[in-house]
Amino acid sequence: DQQVKQNSPSLSVQEGRISILNCDYTNSMFDYFLWYKKYPAEGPTFLISISSIKDKNEDGRFTVFLNKSAKHLSLHIVPSQPGDSAVYFCAVKRNLNNDMRFGAGTRLTVKP
Amino acid sequence: DVKVTQSSRYLVKRTGEKVFLECVQDMDHENMFWYRQDPGLGLRLIYFSYDVKMKEKGDIPEGYSVSREKKERFSLILESASTNQTSMYLCASSRSGGGTGELFFGEGSRLTVL
């Protein structure tokens, strides 16, 4: 039973425009929400996170929004760059648990 | 610079063979994890360990076992490989305690079972 769902397998945007990646989760008990980026032939790398007590966290071109009532989070990339082309995974975690659960990923392609 | 190293980037094995995937981290992290990545399914947790000789089942432990004899090393074992275990295997580590528990991943081991 998937706890984390990324319903869009792929997304294509033009360079300079906004990329919006979405993620839904099932359990309201999660405390932390993370985004990872993965290039081919490399392991995923941490991008940005947000705790359940916030609704927005920003880091440069990347902003994560959390809507707890809808159990939904999104990652905004503005402006998008060709180097952002990668697979993006959202992940969830409870505070005192060590393990993390991931979604299926969304492949972002940013066209020059 | 933090590092998680997986022993083999590519392996080809035959059905029924025993397979060992090794992972070493140099960050003195308490937690270590094994995930597999498959198209359309994302990263699924196989096993994790929060201390030496301790292990916990993840979501898909069937057909796998693990070993953690030293803090820095976490091994994934396929006792009798099957074709449905063809996948990308990713090892990760993290510091224990609360908070985001950011995972640091290795580069992955692509296993093909013929």
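Read on for a plain summary of the structure.

Definitions and cut-offs
- Residues numbered from 1 in each chain as written.
- Chains lettered and ligands numbered in written order.
- Predicted model: local features only at pLDDT ≥ 70, side-chain atom pairs only at ≥ 80, totals over all residues.
- Heavy atoms only, no water.
- Helix = DSSP H or I, 4+ residues; strand = E, 2+ residues; numbered from the N terminus.
- Rg over C-alpha atoms; globule rule 2.2 N^0.38 Å.
- Buried < 20%, exposed > 50% of the residue type's maximum accessible area, 1.4 Å probe, protein only.
- Core = buried A, V, L, I, M, F, W, Y, C linked by side-chain atoms within 4.5 Å.
- Contact = heavy atoms within 4.5 Å.
- Disulfide = S-S within 2.5 Å.

What about the overall build of chain B?
Scanning chain B from N- to C-terminus turns up 0 helices and 11 strands. Reading the secondary structure of chain B in the N-to-C direction produces β-β-β-β-β-β-β-β-β-β-β. On C-alpha atoms alone, chain B measures out to a radius of gyration of 13 Å, which is about the 13 Å that the 2.2 N^0.38 rule sets for 114 residues. Across its three principal axes, chain B shows a C-alpha extent of roughly 40 × 30 × 25 Å. Out of the 114 residues in chain B, the part that is buried amounts to 48%.

Regarding the nonpolar core
Counting 23 residues, the largest nonpolar core has A:Phe33, A:Trp35, A:Leu73, A:Leu75 and A:Tyr88 as its most contacted members. Those elements that provide at least two residues to this core are strand E3 (19-25), strand E4 (32-38), strand E5 (45-51), strand E7 (62-67), strand E8 (72-77), strand E9 (86-93) and strand E11 (106-111) of chain A. Examining the composition of this core, we find that 4 residues originate from one element, E9(A), more than from any other. Not counting chain neighbours up to four residues away, the residues in contact with A:Tyr88 comprise A:Gln6, A:Leu21, A:Trp35, A:Tyr36, A:Lys37, A:Leu47, A:Leu75, A:Ile77, A:Gly105, A:Thr106 and A:Leu108. B:Val19, B:Trp34, B:Ile60 and B:Leu111 belong to the second-largest nonpolar core, a separate cluster that totals 21 residues.

Description of the state of the cysteines
Scanning the model with the defined rule gives 2 disulfides over all chains in all. Paired through a disulfide, A:Cys23 and A:Cys90 show a sulfur-sulfur distance of 1.9 Å. Residues A:Cys23 and A:Cys90 are joined by a disulfide whose S-S torsion is about 60 degrees; by sign, that bridge is right-handed. Residue A:Cys23 is located in strand E3, and its partner A:Cys90 is located in strand E9; the two are separated by 67 residues in the primary sequence. Judged on exposure class, the residue A:Cys23 and its partner A:Cys90 are both buried. One disulfide bridge connects B:Cys23 with B:Cys91, the sulfur atoms lying 1.9 Å from each other. Its S-S torsion of about -80 degrees marks the bond between B:Cys23 and B:Cys91 as left-handed, since a negative value means left-handed.

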